[in-house]
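What follows is the residue order along each chain.
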Amino acid sequence: MSNATPNKSLGLTLALICAALWGASFPLGGVLAGKLDPVVLAIARYAIATLCFVAVFMFSKKHTLKKIQSKKDAFLLMAAGISAQAVFFYFTILAYEYTSSGEIGVINGMAPFLTMAAVFVIDKIKPTAPKVFAVVLSLVGAGIIAYDPSNKIQGINLGHLFALCGVLGFVTYNYILGKFGSDLNSRYDLYSSSFYQFASATVALLILGIFTGADFSSASVLVENGKHLGSILALGLLCSGFAYAVWELATLKTQDAVITTMALNVLPLFAMIVAYFLLGETITLQKLAGVVTVVIALCIYTGGDKFMKKKPVADAAAA
């Protein structure tokens, strides 16, 4: 029991690293957006991520690929990969033409709210008051950012719609995990699950590229200079492959989903900071206020219910 606190501290640190990597993925994508075909860029990212896990299975004695045990498992893993990776990143790339990577990061940070809405519509599970308040607060924060004078397009624009479509892919992924995640986790570890998801996304994007006539020759841009090559390798190896491995370790160390989820709440802030250094995007006081508002909303969404449950006990003790 004496190791509980240091383990949770380490787990929180690892979860924050994941938040930083996933937040950085938006400006990293911005480096390459517009320079090559969107489908080809998405294929390159997830092909690299898939090969990352292939290398793990080949050279690691601890991790081996778990075989698919049923058609249902195959469908669920494939659906999760296509929605969370292919749909998510493809629409995110399209959004870069109209809006900043910082704004896209904020919109993606609102995924938990949209997942809550999906659960309410499909499963008729009514959200609690703190969660509803968090949604309203997050929309206020997003509005503050959307109408910042420094934006290249003022107000709500097509880029926000594309980013939202990408988030809906991730919401689909969250819903699948919420419904079938525990069942899948009993048969597949994170490494095997991630491999199947990344491989499914790569194949789906490849088929999309063939049918839409994607310009595969544009991939030559990736090796034109070190910044392009470094960006795609970071997206595939760090933000996709490595981040998932770190997330598993963070979860094992904390043994507390609330702690790790809270760490992800700062993802929009990481996205904006990295965009400032990597792409030179401006950080105005208005944008910073909007991001902080969204982060606060995410914290309320994550921990608000727990606080509400504990409050009567605290009041009783004070009496």
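Per chain, residues are indexed from 1 in the order of the written sequence. The predicted origin of the model limits local features to residues at a pLDDT of at least 70 and limits the giving and counting of side-chain atom pairs to 80 or more, whereas totals for whole chains, interfaces and linings rest on all residues. With hydrogens and water set aside, each side-chain value is computed from the structure's full complement of heavy atoms.

J.: Go over the overall build of the chain with me, naming the residues and quoting the values.
T.: Scanning the chain from terminus to terminus reveals 12 helices and 0 strands. For the chain, the α and β elements follow one another from N to C terminus as α-α-α-α-α-α-α-α-α-α-α-α. For the chain, the residues scored as buried account for 47% of the 319 residues in total. In this description, contact between two residues means that some pair of their heavy atoms is separated by no more than 4.5 Å. When contacts within the chain are restricted to residue pairs at least 6 apart in sequence, those whose partners lie at least 24 apart make up 86%. Under the scheme used here, helices are H or I runs from DSSP no shorter than 4 residues and strands are E runs no shorter than 2 residues, and both carry numbers assigned from the N terminus. Partly exposed residues are those whose accessible area sits between 20% and 50% of the maximum for their type, while under 20% is buried and over 50% is exposed, using a 1.4 Å probe and protein chains only.

J.: For the pattern of salt bridges, give the residues involved together with the corresponding values.
T.: Every case where a carboxyl oxygen of Asp or Glu lies within 4 Å of a side-chain nitrogen of Lys or Arg is listed as a salt bridge. Taken as a whole and assessed by the stated rule, the structure comprises 2 salt bridges. Its salt-bridge partner being D73, residue R187 comes within 2.8 Å of it at the nearest N-O pair. One end of the pair, R187, is in the loop between helix 7 (158-185) and helix 8 (190-212); the other, D73, is in helix 3 (residues 71-95), with 114 residues separating them in the sequence. On the basis of relative accessible area, R187 is assigned to the partly exposed category, the value being 23%. When the shortest N-O distance is used, the salt bridge between R187 and D183 registers 3.1 Å. For D183, a relative accessible area of 36% translates into the label partly exposed.

J.: An account of the confidence of the model for the chain is needed here, citing residue identities and associated values.
T.: On average, residues of the chain score 83 in pLDDT, and 89% of them reach the 70 mark or higher. pLDDT gives the predictor's per-residue confidence on a scale running from 0 to 100. In this model, residues 313-319 is a region of pLDDT below 50 whose contacts with residues beyond four sequence positions or in other chains number 0 contacts.

J.: Which residues make up the environment of V291, and what are the values?
T.: Inspection of the secondary structure puts V291 in helix 12 (residues 285-318). Overall, the relative accessible area of 0% leaves V291 in the buried class. With 24 residues separating them in the primary sequence, V291 and L267 have C-alpha atoms 9.8 Å apart. Ignoring anything within four residues of it in the chain, the contact list for V291 reads V106, I145, P268, L269 and M272.

J.: Explain the packing of aromatic side chains residue by residue, including any values.
T.: Here is the rule: rings of Phe, Tyr and Trp (six-membered ring for Trp) pair when centre to centre is within 6.5 Å. Planes less than 30 degrees apart are stacked, more than 60 are edge-to-face, and the remainder are tilted. This model, assessed by the stated rule, comprises 13 aromatic pairs. Taking the centre distance of 5.3 Å and the plane angle of 40° together, the rings of F170 and Y173 count as tilted. Pair noted here: F170 and Y173 are both in helix 7, with a separation of 3 residues, about one helical turn. An aromatic cluster of three or more residues is present, and its members are Y46, F53, F89, Y191 and F198. Between the NZ or CZ atom of R45 and the centre of the ring of F89, over which it lies, the distance is 4.6 Å. Two thresholds decide whether a charge sits over a ring: the Lys NZ or Arg CZ must be within 6 Å of the ring centre and within 35 degrees of the ring normal.

J.: Requested: an account of a nonpolar patch on the surface, with residues and values cited.
T.: Patch definition: residues above 30% relative accessible area lacking any salt bridge, with like charges linked at up to 9 Å and the nonpolar side chains Val, Leu, Ile, Met, Phe, Trp and Tyr linked at up to 5 Å. All accessible-area figures derive from a Shrake-Rupley calculation using a 1.4 Å probe, and residue coverage is judged against the displayed protein chains alone. Among the surface-exposed residues, L269, I273, Y276, F277, I283, L285, L288, V292 and I296 lie close enough to one another that they form a single nonpolar patch of about 840 Å² accessible area. Within the residue set of the nonpolar patch, elements represented by two or more residues are helix 11 (267-279) and helix 12.

J.: An account of helix 11 is needed here, citing residue identities and associated values.
T.: Between its terminal C-alpha atoms helix 11 stretches 17 Å, which fits the 18 Å expected from 13 residues at 1.5 Å a residue. If you check which residues of helix 11 are buried, you get L267, P268, A271, M272 and A275. The arc that holds the buried residues of helix 11, viewed along the axis, is 140°, so those residues lie on one side. Among the residues trailing helix 11, G280 stands out with phi positive, at a value near 75°. By this rule, a helix spans an expected 1.5 Å times one less than how many residues it contains. Throughout, the arc means the angular range of directions from the helix axis out to the C-beta atoms.

J.: Describe in detail the nonpolar core, supporting the description with residues and values.
T.: Soluble globular proteins tend to pack their nonpolar side chains together in the buried interior. Grouped together as the largest cluster of nonpolar side chains are 62 residues, with contacts concentrated most on W22, F26, L32, L41, F53, F89 and I232. Ranked by residues supplied to this core, first place goes to helix 2 (residues 38-59) with 11 residues. Beyond its immediate chain neighbours, meaning those up to four positions away, I232 contacts L32, L41, A44, R45, I48 and L222. Put simply, buried Ala, Val, Leu, Ile, Met, Phe, Trp, Tyr and Cys residues joined by side-chain atoms within 4.5 Å make one nonpolar core. M110, F113, M116 and V295 belong to the second largest nonpolar core, which has 14 residues in total.

J.: Residue-level account of the environment of G155, with values.
T.: When you line up the elements, G155 lands in the loop between helix 6 (129-146) and helix 7. A residue is classified by how much of its surface remains accessible, and G155, at 2% relative accessible area, is buried.

J.: Outline helix 5 (residues 111-123), listing residues and values.
T.: End to end, helix 5 covers 18 Å across 13 residues, agreeing with the expected 18 Å (1.5 Å per residue, within 8%). Regarding helix 5, the residues found buried are A111, F113, T115, M116 and A118. Remark: K124 follows helix 5 within two positions and exhibits a positive phi of approximately 60°.

J.: Would you mind going over the packing of helix 3 against helix 8 in detail, with residue names and values included?
T.: Each pair of packed helices can be summarised by the angle the axes make with each other and by the distance between the axes. Interaxial distance between helix 3 and helix 8 falls to 7 Å at its minimum, and their mutual angle equals 65°. In terms of orientation, helix 3 lies roughly perpendicular with respect to helix 8. The interaxial crossing formed by helix 3 with helix 8 has right-handed handedness. Only S193, Y196, Q197, F198, S200, A201, A204 and L205 of helix 8 make contact with helix 3, whose side of the interface consists of L77, M78, A80, G81, I82, Q85 and A86. Think of each axis as a best-fit line through the C-alpha atoms, taken over the contacting stretch in the case of a helix, with angles from 0 to 180 degrees between the N-to-C directions. Roughly parallel refers to an angle under 35 degrees, roughly antiparallel to one over 145, roughly perpendicular to one between 65 and 115, and oblique to any angle outside these ranges. When the near helix sits turned anticlockwise from the far one by under a right angle, the crossing is termed left-handed; a clockwise turn instead gives a right-handed crossing.

J.: Account for the side chain of T202, naming residues and giving values.
T.: Among the structural elements, T202 can be located in helix 8. Any pair of nitrogen or oxygen atoms within 3.5 Å is treated as a polar contact; in protein, a donor-acceptor pairing is required on top of that, and neighbouring residues in sequence qualify only through side-chain atoms on both sides. In terms of polar contacts, T202 uses its side chain to reach the backbone carbonyl oxygen of Y46, at 3.1 Å. A polar atom in the side chain of T202 sits 3.4 Å from the backbone nitrogen of A47. Setting aside residues no more than four positions away along its own chain, T202 makes contact with I43, Y46, A47 and T50.

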